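Overview (structure and organization)
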Amino acid sequence: MNLKTAVDIEEIFKSSKTSHFKNIHKATGIPYSDMIFFDNEEHNCRNVAPLGVTCVYTPRGMTEAEWDRGLKLWSKNQS
């Protein structure tokens, strides 16, 4: 499995990340609190977090360790 086969919606274009998440929420009805956002730019995480999305800053890119850290953070945020 890879990311392309794991997701139904793809939001890749020049725009604010907040707009991306609003589009995803509108298209799917998925609550922001059920979403995880991984990004290597800290300002993007700061902009999206107020929506209630779990944000994971990944300055060195996406790795399995960052994925695991994000899932743990998301799980913690659910309680």
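This section reports on the structure supplied with the text. (Residues numbered from 1 in each chain as written. Predicted model: local features only at pLDDT ≥ 70, side-chain atom pairs only at ≥ 80, totals over all residues. Heavy atoms only, no water.)

**Here we look at the pattern of salt bridges**
Counted by the stated rule, this structure contains one salt bridge. Between Arg-69 and Glu-66 there is a salt bridge whose closest N-O contact spans 2.7 Å. Separated by three residues within a single helix, Arg-69 and Glu-66 lie in helix H4 (residues 64–78), roughly one turn from each other. (Salt bridge = Lys/Arg side-chain N within 4 Å of Asp/Glu carboxyl O. Helix = DSSP H or I, 4+ residues; strand = E, 2+ residues; numbered from the N terminus.)

**Points about the nonpolar core**
Counting residues in each nonpolar core, the largest one holds nine residues, listed as Phe-21, Ile-24, Tyr-32, Met-35, Phe-37, Cys-45, Val-48, Val-53 and Cys-55. Here Cys-45 is in contact with Phe-37, Asp-39, Cys-55, Val-56 and Tyr-57, once residues within four sequence places are set aside. (Core = buried A, V, L, I, M, F, W, Y, C linked by side-chain atoms within 4.5 Å. Buried < 20%, exposed > 50% of the residue type's maximum accessible area, 1.4 Å probe, protein only. Contact = heavy atoms within 4.5 Å.)

Remember that the coordinates give geometry; whether it matters functionally is a separate question.
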